[in-house]
Amino acid sequence: MIEERVGDDEKLFRRIPCEMGYYTLKDGAVHLSSSAFSDRLKQTSVDRSCLCHGDPSHTQEDPRDGVAILVASEVREISAKGKAFAGGEVKYVIDVVPDPDYRNGNLAHAIIVPTPSYETPSVYKRVTQALARLAERRQWAIQPADLR
Amino acid sequence: MTTEVAVLRKETFAATTVDSISDLSFAATVFDNLSCLTAAAVRALADTLLQLKRSSAASDSLWTPFIETRSKLVRTIPSHADVEEGALSRAAGWLSWLQESVDRWDEPLVTANADREVVFEWWHSDRKLAVFFSSDTSELIRVWGTDIDTEMEEGSPEVRDEALAAWAWLTA
């Protein structure tokens, strides 16, 4: 049975593909690119730790991949305003919702989505900045191969 | 001068006589001795030639750094990343301009995002500068926290004063 709501304290795993150059080491700190959190549909994919036995390797597609950690409550604290097409401002609420992938057997899959949908791409760009920064504040669940 | 730039110089002059310079087979012939280049890179270089043809008034001193920057970007972005060809030209032009315009230069992290944009990112202390180029738009975001409304600020990198102000902010 999949919980209908992602709990605030749930850890979320995000795959950082090893071959895409999505991170850099500077002054002893690893910095994550916002590109690592971007998605064509503007719904960043994650896996719920509690539904994959807390095993971040569940999220890897390649053993060299890194896996970054987000926490649901911190993602939900992202609030964003953007320009509305009709003028004025839109206030977006960012949430993490279950999105089990039955075709590929990934019941832990969830997506980070806004309400309402983004009216302009620039808001999502800022959301990915926030996601990258939140992930940087936490340890890797699995470091990418070239940082191990 | 790198071999690649030398080849580009020679072939660019020849290319000006070709009507359909965006013909990929022609571009491939031009660059077939550059085995390190992927098909995407060949397309990107074809686009470079097209741009050079359009701005024939540009002097060597202007376009050589552009070509060098662009070639570097082509190699930096993973070959399987899906990037708009036009984005690469705009991004390279902007990056070579910025590098020549500031005193203290720092190489960016270069990636491609899901929207096929070229993304440059720099970090300095708690500050970050992110710049995005698609084939027809560009955007700059200053980031100093996770609050989207109060700790991020957008701008236009192609407004030179805005870009230089953002760089000064980043490196202050």
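Structure: above.
These figures come from a predicted structure and were not determined experimentally. (Residues numbered from 1 in each chain as written. Chains lettered and ligands numbered in written order. Predicted model: local features only at pLDDT ≥ 70, side-chain atom pairs only at ≥ 80, totals over all residues. Heavy atoms only, no water.)

Draft legend 1. Inspection of the overall build of chain A at higher detail. If you tally the helices and strands in chain A, you get two helices and eight strands. A globule of 148 residues ought to have a C-alpha radius of gyration of about 15 Å, and chain A, at 15 Å, matches this closely. For chain A, the spread of C-alpha atoms along the principal axes amounts to about 50 × 45 × 25 Å. In chain A, buried positions account for 52% of the 148 residues. (Helix = DSSP H or I, 4+ residues; strand = E, 2+ residues; numbered from the N terminus. Rg over C-alpha atoms; globule rule 2.2 N^0.38 Å. Buried < 20%, exposed > 50% of the residue type's maximum accessible area, 1.4 Å probe, protein only.)

Draft legend 2. The arrangement of the packing of helix H5 (residues 85-101) of chain B against helix H6 (residues 160-171) of chain B in detail. All names here are of chain B. Contact geometry of H5 with H6 gives a least axis separation of 11 Å together with a crossing angle of 60°. One way to sum up the angle between H5 and H6 is to call them oblique. Seen along the crossing, H5 lies across H6 with a hand that is right-handed. Packed against H5, whose contacting residues are Trp94, Trp97, Leu98 and Ser101, the element H6 presents Arg160, Ala163, Leu164 and Trp167 at the interface. (Axes fitted to C-alpha atoms, helices over the stretch in contact; angles between N-to-C directions. Parallel < 35°, antiparallel > 145°, perpendicular 65-115°, else oblique. Left-handed = near helix turned anticlockwise from the far one by under 90°. Contact = heavy atoms within 4.5 Å.)

Draft legend 3. Spotlight on the pairing of strand E6 (residues 79-83) of chain A. Residues and elements named next belong to chain A. The side-chain alternation of E6 yields one buried face, formed by Ala80 and Gly82, and one unburied face, formed by Ser79, Lys81 and Lys83. The pairing of E6 with strand E7 (residues 89-98) spans five bridges and is antiparallel. Across the sheet, Ser79 pairs through a bridge with Val93, a residue of E7. Between E6 and E7, which follow one another and run antiparallel, lie five residues, and Gly87 among them has a positive phi close to 95°. (Pairing = 2+ DSSP bridges.)

Draft legend 4. Up close: the interface of chain B and chain A. Listed by partner, the interface residues are 30 residues for chain B and 31 residues for chain A. Of the roughly 2600 Å² buried at the junction of chain B and chain A (both faces included), carbon and sulfur atoms supply 52%. Ranking the residues of chain B by area buried against chain A places Trp123, Thr146 and Ile148 of chain B at the top, with a combined share of 26%. A salt bridge links Lys42 of chain A to Asp115 of chain B; the nearest nitrogen and oxygen atoms lie 3.1 Å apart. Summed over the shared surface of chain B and chain A, the number is 13 residue pairs in polar contact (both at pLDDT 80 or more). It is strand E2 (residues 118-124) of chain B that contributes the most residues to the side of chain B that touches chain A, four residues altogether. Grouping the constituent residues of the side of chain B that touches chain A by class yields 14 nonpolar, six polar and 10 charged. (Buried area = accessible area lost by both parts, 1.4 Å probe. Salt bridge = Lys/Arg side-chain N within 4 Å of Asp/Glu carboxyl O. Polar contact = N/O pair within 3.5 Å; in protein donor to acceptor, adjacent residues only side chain to side chain. Nonpolar A, V, L, I, M, F, W, Y, C, P; charged D, E, K, R; others polar.)

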